[in-house]
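Overview (structure and organization)
Now for the letters of each chain:
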Amino acid sequence: MKLVADSGSTKTHWMLMGEEGERHCVTVGLNPLFADREVFDSACRQVVSDLEIGEKVIRKLFFYGAGCGTESSCQMVRQWLQDALECEEIEVGSDLLGACRATCGREPGMVGIMGTGSNMCYYDGREIARRRVSTGYILGDEGSGNHIGKRLLKDYLEERMPQGLRAMFQADYPMEAAAFIDRLYRQPNPNRFLASLAAFASRHKEDVYVQRVLSHCFEEFFEQTAFFGEHALLPLHLVGGLVTSFEPEMRRAASVKGVTLGTLTPSPVGGLARYHGL
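These numbers were taken from a predicted model, which means no experiment stands behind them. (Residues numbered from 1 in each chain as written. Predicted model: local features only at pLDDT ≥ 70, side-chain atom pairs only at ≥ 80, totals over all residues. Heavy atoms only, no water.)

Glancing now at the overall build of the protein. In terms of helices and strands, the protein carries 12 helices and 10 strands. Its C-alpha atoms give the protein a radius of gyration of 19 Å, near enough to 19 Å, the size a compact globule of 278 residues would have. Its C-alpha atoms give the protein principal-axis dimensions of about 55 × 45 × 35 Å. Scored against the burial criterion, the 278 residues of the protein give a buried share of 50%. A fraction of 64% describes how many contacts in the protein between residues 6 or more apart in sequence connect residues 24 or more apart. With an accessible surface of roughly 13,000 Å², the protein has 50% of that area assigned to carbon and sulfur atoms. With 30 positive and 36 negative side-chain charges, the protein shows a separation of 3 Å between the mean positions of the two kinds. (Helix = DSSP H or I, 4+ residues; strand = E, 2+ residues; numbered from the N terminus. Rg over C-alpha atoms; globule rule 2.2 N^0.38 Å. Buried < 20%, exposed > 50% of the residue type's maximum accessible area, 1.4 Å probe, protein only. Contact = heavy atoms within 4.5 Å. Areas by Shrake-Rupley, 256 points an atom, 1.4 Å probe, with all protein chains shown as cover. Lys, Arg positive; Asp, Glu negative; His and termini not counted. Charge placed at Lys NZ, Arg CZ, Asp CG, Glu CD.)

What follows concerns a negative patch on the surface. Taken together, the side chains of Glu-55, Glu-86, Glu-88 and Glu-89 define an acidic patch exposed on the protein surface. If you trace the backbone, Glu-86 turns up in the loop between helix 2 (71–84) and strand 5 (87–94). For Glu-86, a relative accessible area of 51% puts it in the exposed group. (Patch = residues over 30% accessible without salt bridge, like charges linked within 9 Å, V, L, I, M, F, W, Y side chains within 5 Å. Salt bridge = Lys/Arg side-chain N within 4 Å of Asp/Glu carboxyl O.)

Another aspect to go through is the sheet that holds strand 7 (residues 118–123). In a beta sheet, neighbouring strands are held together by backbone hydrogen bonds and run either parallel or antiparallel to one another. If you walk across this open sheet you meet the 5 strands as 8-7-6-9-10, and the pairing is mixed. Each of the sheet's edge strands pairs with one partner strand only, and the pair in question is strand 8 (128–131) and strand 10 (261–265). The sheet shows a mean angle of 25° between the axes of neighbouring strands, direction not considered. The pairing of strand 9 (residues 236–239) with strand 10 spans 3 bridges and is parallel. What sits directly across from Leu-236, in strand 10, is Leu-261. Where helix 11 (residues 242–256) meets the sheet, its contacts fall on strand 6 (109–114), strand 9 and strand 10, and the angle it forms with strand 10 comes to roughly 165°. (Pairing = 2+ DSSP bridges. Axes fitted to C-alpha atoms, helices over the stretch in contact; angles between N-to-C directions.)

What follows concerns the sheet that holds strand 3 (residues 21–28). Spatial ordering of the open sheet is given by 3-2-1-4-5, a layout of 5 strands whose pairing is mixed. Strands with a single pairing partner mark the edges of an open sheet, and in this sheet they are strand 3 and strand 5. Strand-to-strand twist of the sheet, defined as the mean angle between neighbouring strand axes without regard to direction, takes the value 15°. In this sheet, strand 2 (residues 11–18) lies alongside strand 1 (residues 2–7) in antiparallel orientation, the contact comprising 6 bridges. Bridging from a neighbouring strand, Asp-6 pairs with His-13 of strand 2. Against the sheet, helix 2 makes contact with strand 2, strand 4 (58–65) and strand 5, and its axis sits at roughly 145° relative to strand 5, the strand it touches most. Its contacts with the sheet place helix 3 (residues 95–104) against strand 1, strand 4 and strand 5, and it is angled at close to 95° to strand 5.

Mapped onto the elements, Ser-9 comes out in the loop between strand 1 and strand 2. For Ser-9, a relative accessible area of 11% translates into the label buried. Within the structure, the side chain of Ser-9 is placed 3.1 Å from the side chain of Asn-31, a separation counted as a polar contact. Those residues in contact with Ser-9 that sit more than four places away from it in its chain are Gly-29, Asn-31, Phe-34, Ala-66, Thr-116, Asn-191 and Arg-192. (Polar contact = N/O pair within 3.5 Å; in protein donor to acceptor, adjacent residues only side chain to side chain.)

Here's what the structure looks like:
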């Protein structure tokens, strides 16, 4: 019995492979920058229940997660998972490495993540050979769900959003300005909250203003390919939840910036299962 997990800041997709075939479940995101040991324990209990693991021992667990970009964070997550799940072997890596292995396998390529947050790298077929520093939802995450949500909320609060659309935003999110500020600066997981606002853009993406916001955010993301020099000429594979909602807008922005797109997939779990021979 083997288990693969892809974890972002908002949700974690788990896939179990055993004698009875494959089973899937989804739990909350397990980014160790925002989720503590108690959250990991709760998610693991849900996994055991939803996947009907019972007393069975998991031979191997491959966990790829946001916030697992350093050896110290990987060690901490590995220990939390080991304490919560009975596993013979656990491998922990970053969500970006998982995206690379899922889309490129053992071939070189450019890979980007576009979900709650965003990231991009050049993968040489074995490991991430070149990557930008991830500056998180405050300074970075261009083109991500929280970037789109941040732009929408700022324009809404500063009354730059068109009036008709502003009325619809207010109806969907009936909060005073002070409540929004409190949610962002005093409550946990502000990145997840901002990313949730991107759903408004998805519902109204035919609006001219929303199209302008999406173009701005996605073009900023694709501008980051300049950092990778000649590697940027390779097709860029994209992984993440935004692919499902905004694929046409992403393709237009990539074309504007001269970026060739490769495969676009909302979840890397299937590709990771193939990579690990499950």
